[in-house]
Structure formats: structure tokens, C-alpha cells
Amino acid sequence: MFKHPLFTKLAALGAVVVLLMIGLSMIEGVVRDRQRYRSLTAQSVADSLAGPQTLMGPLIHSACVESWDEETGKGDERRMVERRREFRLTAMPEQLKISTGAAMEERARGLHKVNTYTLKAQVAAQWGSMAGLVPQSTMKNSRMHCGAPIVMMAVGDARGIRTAQFTLDHQALALKPGTFHPAYSRGLHAVLPESVRGKAEGLAATLDLELVGTERLAIVPLGGNTEVLMTSGWPHPSFAGRFLPSEREVKKTGFAATWRLSSLATTAQADIAEGKPVCAGGLDNDPRSPEYGTGSASQGSTCADSFSVAFVDPVNPYSLSDRATKYGVLFIALTFVAVGLFELMKKLRVHPVQYLLVGSALCSFFLLLVSLSEHLPFGVSYAVAAGACVLLLGYYASHMLGGLARGIPLGAGIAVLYGLLYLLLQLEQTALVVGSIALFLVLAAVMVLTRKVNWYSLSSPAGTPRRPAPPTTPRPEAA
């Protein structure tokens, strides 16, 4: 049975498919390498300019030390020992309003581009009573010492700070680098007079900040009531974090989004008071870390509440090319089925080498796609790569199948496959249902076209006569 030409050809076609799958896996490796290079480019820009940014603050804090004398030992070993307790007092704003505008700018390293932005933020904060900055003794006859109150604004990457102006009760204060906060050290601060400690009528402060960042901006809703207005000329924002905007408007010319949050809905104040990291924007790690700014842990209980906006590129050629390559095996299978149908229905003979050449042309499409998309828009790259492969396969099929009348339909069918693939790449949410329906229709068409084929006759050895149908016994007529 295994010497029959049909089984020999099936074995050869199996070897061809294995070779083509190896080629597809190599192309997938190329796509992954280009994705990795793109990630390295983004990291390189972040290392040279500034990484994803986070705005946290302003808040007022003061480091305090409580000391007291404690008697230890007995008899001759009896002595007085000084004990110390270090703690930090924090005052969060009752009202916080942030208005930001982000101007986008592309930075490139070779072929790869990264979205950077220049943010201009106006921050207005109001505090109520400053009684929270008055230290309370926990031990009798203890001594209390507190450092000067400090108002601070933390950012994800302090290298991105361009200009900053701070006013407190309409009085300008000198800003200095750093925050003197052990958990959020990157940012800026101003030293407040000791008279603000315990002030009953509260404080009002404004901060004008110009900040440069890369790809993502996160904000911590630190106020008792927080309102954030964000505008940008980038038309493809991706809102993430613990809270989505209360209002948003996205147009081709840009977007505007507004968040309105109460401390009743967020634990940000308690999280920051406990020193929890702000995972969504990178206050918790080094900008050179691979996890910097990913927001991967922003939903966990170990991270402070925040929300963010990513300035994403909706047409990422590498992710789209990677998705397209995953359909490569299906492309090859459907094309081989189409060629096999021509071979079966038209009594043709197609050599396995010809199948290999057809499959190689299909594989070359994916390599053309990823290489062209680095220089041209993805839609144009897809059209050029698909058009070239359809013309090549249509021309070759007209000779392989013995005429234009057979080559053109095969080329047209492959063009339909490319069109369907492009549709699947655009339909992220409904790609599965559209693809499954299309595959079912293809299977139904094959079953309809081959419904009258006698498959046993194809597997019979050459020269073996077909077994005649058993004679039918006439049924006796009813009396």
C-alpha cells in the first residue's frame, strides 16, 4: 500500500509542509528580534531623555524624632538609656486640581520611533487645618524634635523636569531638587516656615511644571477631592490604571479627558502615607529597570492607587506582523488544498517541488511585510507585499496548472485570503468569530466540490480493476 504513488506524494507533501513550517518559525524569530530592537530603542530614549512619568503630590511632610530616657539594669548595673522613635507627619491636600497639556514629539533610533511628550501642568492644591503636622507624644516626659515642614512634588524621572515655579499663599518659594521623602525620592521640594505647623486656616499652593517623558503619564489622586483635566494632540490614548476618565473626547486632532475622584473612592492618601510604591508610573523602581512604567502591578494591594494614559501607536507594525505570521500555516494549508482540488478535478499532476515553491512564495509575504513596514505605513506595506505575491503566484499557477483559466482563479483566491487576513488584523475584538466563520465556509466549499469524488479509486494501486458493485436482486412484485 505504501508503494502507491498517492501515498508517496502525500509523504513528499508532508516533508514540504515541515520545511515551510521551519521557514515560518524563522520568520517569526525575525519579527520577535525586531520587536526586541524596538523595545531596546524605547529604553535607549528613556535612558537618554526621561522615562514614563508619574505626578504625585503636592504633599507636606515633616520628619520627627521622639526621645526619652529609660532605666535599665539592676543594682550596680542600673543606668539610664535614651530611646528613640522616628516617624513622619504628612498633610494631604483636601482639594487638588491638575490641568495638563501634552505636546507629542517622535524620537528615533535608526528605523524605530518612540513617542515622547512635553507636559505642561498647572497644579492647584488646598490644605485644611495643619493640625496633622503637630507631633503627639507617646511616652511621658519625652523630648520631641521635628524638621522643617517640606512641601514636595514627586515625579517618575526627575531628569524630565524642565521648569518649575511654586507659590504658597501667593508667595513664591525657592524649589530645590529631591523630596527628602524616603519612599519617593525623585522630584522637587520647598522648605516651609515653621509657622505653618498647626495653622488652623490651612494653605493654598500652586505649581507650574514643565516635564518631559516617554510614552506614558500616570497621576496619583492624592486630594480629598481630585480633579484632573488632560489634553493632548495625540489621537490614540490608552487609558489604564485604577480609574477611567469621568469624561473623555477622542478625535483625530487629539483627546481631552477629565477625572473627578473623591478620597471615599480611592485609598491613595493612605497608600502614600504608608509609603507604597506607585507601580503605574515608576516611582517605585529605577528608570533603567525593564519593569519601569509598565503598570503591571498597579492593580495589586502592594501599590498605591493611580491612573495613567499611554500615548500608544495603534498601528504597531511588529505586533501586526507577528499576528499575521501566526496565520501562515493556515495560508499554506488552504493554498495546498486549492492546488490539490485543481489537481483532482482537472486530472493534473503537480510535483511536490512546485508545492514547495508555492509555499515559499507564501512565506516570503510575511518577510516582505515586516521589512517594508519599517519604511512605509503598514497598510501600504501590506498592499505591496500581498500584490507582489498574488501576481507571482497567479503567473506561476497559470503555467503549473496548464493555462490562465486555472491560474487566475487560484491567484484570485489567494488575493481573497490576503484580504481576509488584513480584515482579521484590524478586527481585534471579533477576529476569532470572523476567522472561524471564514474557515467553516472554506471547509464547506471543499466538501461541496468533492462530494462526488470516489476516494477509494484514488487509493487503488495502478492496474487494479475496480471492484464491481454487487448485483441487486429484483424485489418480487406484490401479489
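None of these values were measured; they are calculated from a predicted model.

(A) Broad picture of the confidence of the model for the protein. Summarising the model, the protein shows a mean pLDDT of 83, and 88% of its residues fall at 70 or more. Confidence, read as mean pLDDT per element, is least for helix H9 (residues 455-459) in the protein (64) and greatest for strand E13 (residues 225-232) (96). Every residue in residues 284-300 is under pLDDT 50, and counting partners more than four places away or in other chains gives 40 contacts. This stretch, residues 462-469, has a pLDDT under 50; its non-local contacts, to residues over four places away or in other chains, come to 3 contacts.

(B) Representation of the state of the cysteines within the structure. One pass over the full model with this rule turns up 1 disulfide. Between the sulfur atoms of Cys 64 and its disulfide partner Cys 146 the distance amounts to 2.0 Å. Its torsion about the S-S bond being 110°, the disulfide of Cys 64 and Cys 146 is classed as right-handed. Placement of the pair is Cys 64 in strand E1 (residues 53-72) and Cys 146 in strand E5 (residues 143-146), with a sequence separation of 82 residues. The same class applies to Cys 64 as to Cys 146, namely buried.

(C) Fine view of the pattern of salt bridges. In this structure the tally under the stated criterion is 16 salt bridges. One salt bridge connects Lys 326 with Asp 322, and the closest N-O pair in it is separated by 3.7 Å. One connected set of salt bridges, linked through shared partners, spans Asp 69, Glu 82 and Arg 143.

(D) The arrangement of the pairing of strand E3 (residues 95-109) in detail. Pairing geometry for E3 and strand E4 (residues 112-127), over 15 bridges, is antiparallel. In the sheet register, Ser 99 faces E4, and the bridge partner there is Gln 122. Linking E3 back to E4 in an antiparallel pair, the connection comprises 2 residues, with Gly 110 at a positive phi of about 70°. Sheet analysis places E3 next to E13, joined by 8 bridges and oriented parallel. Its bridge partner lying in E13, Gln 95 is registered against Asn 225.

(E) Structural context of the side chain of Ser 373. By secondary structure assignment, the location of Ser 373 is in the loop between helix H5 (352-372) and helix H6 (378-400). Ignoring anything within four residues of it in the chain, the contact list for Ser 373 reads Pro 317, Ser 321, Phe 378 and Ser 381.

(F) Spotlight on the packing of H5 against helix H7 (residues 404-426). At their nearest, the axes of H5 and H7 sit 13 Å apart, and the two run at 35° to each other. In this structure, H5 meets H7 at a crossing whose hand is right-handed. On H7, the residues touching Leu 362, Phe 365 and Phe 366 of H5 are Ile 414, Tyr 418 and Leu 421. A class-by-class count of the residues in the contact of H5 with H7 yields 6 nonpolar, no polar and no charged.

What counts, and where the lines are drawn
- Residues numbered from 1 in each chain as written.
- Predicted model: local features only at pLDDT ≥ 70, side-chain atom pairs only at ≥ 80, totals over all residues.
- Heavy atoms only, no water.
- pLDDT = per-residue confidence, 0-100.
- Helix = DSSP H or I, 4+ residues; strand = E, 2+ residues; numbered from the N terminus.
- Contact = heavy atoms within 4.5 Å.
- Disulfide = S-S within 2.5 Å.
- Buried < 20%, exposed > 50% of the residue type's maximum accessible area, 1.4 Å probe, protein only.
- Salt bridge = Lys/Arg side-chain N within 4 Å of Asp/Glu carboxyl O.
- Pairing = 2+ DSSP bridges.
- Axes fitted to C-alpha atoms, helices over the stretch in contact; angles between N-to-C directions.
- Left-handed = near helix turned anticlockwise from the far one by under 90°.
- Nonpolar A, V, L, I, M, F, W, Y, C, P; charged D, E, K, R; others polar.

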